Amino acid sequence: MSMPMSFEWRLVTEGNEKRVANKDNFFSIVLDGYRLFPLEEEIEIRRHQDADQIGYGKVVEITWKGNRTICTYQLISLYSVN
């Protein structure tokens, strides 16, 4: 049996990210399906698929469970707060 997976080179949050308590600039997001991101490398962060890039982040942890991906990332740079 195969496991459907997509390889991602940017993180699109749709505004669903949650701040990780007691860690500055760390966020967690739950995404549908199994997704693989490069670890410990800077990738683009976007609010929406067709929106401009809001900054760069670094994925530090990925967990796959129940056809969902839990991604924890550190925001490295932010272009604008809006």
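Scroll up for the structure.
Please read all numbers here as calculations on a predicted model, not as lab measurements.

Visitor: Lay out the overall build of the chain with the relevant residues and their values.
Guide: What the chain contains, in helices and strands, is zero helices and eight strands. In the chain, the succession of α and β elements from N to C terminus is β-β-β-β-β-β-β-β. In terms of C-alpha radius of gyration, the chain reaches 12 Å, essentially the compact-globule figure of 12 Å for 82 residues. Overall, the chain is about 45 × 30 × 20 Å in size when its C-alpha atoms are taken along their principal axes.

Visitor: An account of the pattern of salt bridges is needed here, citing residue identities and associated values.
Guide: Across all of its chains, the model carries five salt bridges by this definition. The partner of Glu8 in a salt bridge is Arg35, and the shortest N-O contact between them spans 3.9 Å. With a gap of 27 residues between them, Glu8 in the loop between strand S1 (5–7) and strand S2 (10–12) and Arg35 in strand S5 (residues 34–36) connect regions that are remote in the sequence. Between Glu44 and Arg10 there is a salt bridge; the shortest N-O distance is 3.8 Å. Placement of the pair is Glu44 in strand S6 (residues 42–46) and Arg10 in strand S2, with a sequence separation of 34 residues. Residue classification places Glu44 among the partly exposed positions, given a relative accessible area of 23%. Given the relative accessible area of 29%, Arg10 is considered partly exposed. Through salt bridges with shared partners, one network takes in Arg10, Glu44 and Arg46.

Visitor: Let's hear about the pairing of strand S7 (residues 53–65): which residues, and what values?
Guide: Here five bridges tie S6 to S7, and the two strands are oriented antiparallel to one another. Bridge pairing in S7 places Arg46 opposite Gln53. Counted along the chain from S6 to the antiparallel partner S7, the turn is six residues long. The turn joining S7 and strand S8 (residues 68–78), which pair antiparallel and follow one another in sequence, is formed by two residues; a positive phi near 60 degrees is taken by Gly66.

Visitor: Outline unusual backbone geometry, supporting the account with residue identities and numerical values.
Guide: One non-glycine residue, Asn22, lies in the positive phi region at around 65 degrees. In this structure, Asn22 sits in the loop between strand S3 (18–19) and strand S4 (26–32). The exposure class assigned to Asn22 is exposed, which follows from its relative accessible area of 83%. Positive phi, normally seen in glycine, also occurs at Asn25, with a value near 65 degrees. Along the polypeptide, Asn25 turns up in the loop between S3 and S4.

Visitor: Report on a nonpolar patch on the surface, specifying residues and quantitative values.
Guide: Among the surface-exposed residues, Met3, Met5, Phe7, Trp9 and Trp64 lie close enough to one another that they form a single nonpolar patch of about 580 Å² accessible area. Secondary-structure assignment places Met3 in the segment before S1.

Thresholds, definitions, all that
Residues numbered from 1 in each chain as written. Predicted model: local features only at pLDDT ≥ 70, side-chain atom pairs only at ≥ 80, totals over all residues. Heavy atoms only, no water. Helix = DSSP H or I, 4+ residues; strand = E, 2+ residues; numbered from the N terminus. Rg over C-alpha atoms; globule rule 2.2 N^0.38 Å. Salt bridge = Lys/Arg side-chain N within 4 Å of Asp/Glu carboxyl O. Buried < 20%, exposed > 50% of the residue type's maximum accessible area, 1.4 Å probe, protein only. Pairing = 2+ DSSP bridges. Patch = residues over 30% accessible without salt bridge, like charges linked within 9 Å, V, L, I, M, F, W, Y side chains within 5 Å. Areas by Shrake-Rupley, 256 points an atom, 1.4 Å probe, with all protein chains shown as cover.

Keep in mind these numbers describe shape, not what the thing actually does.
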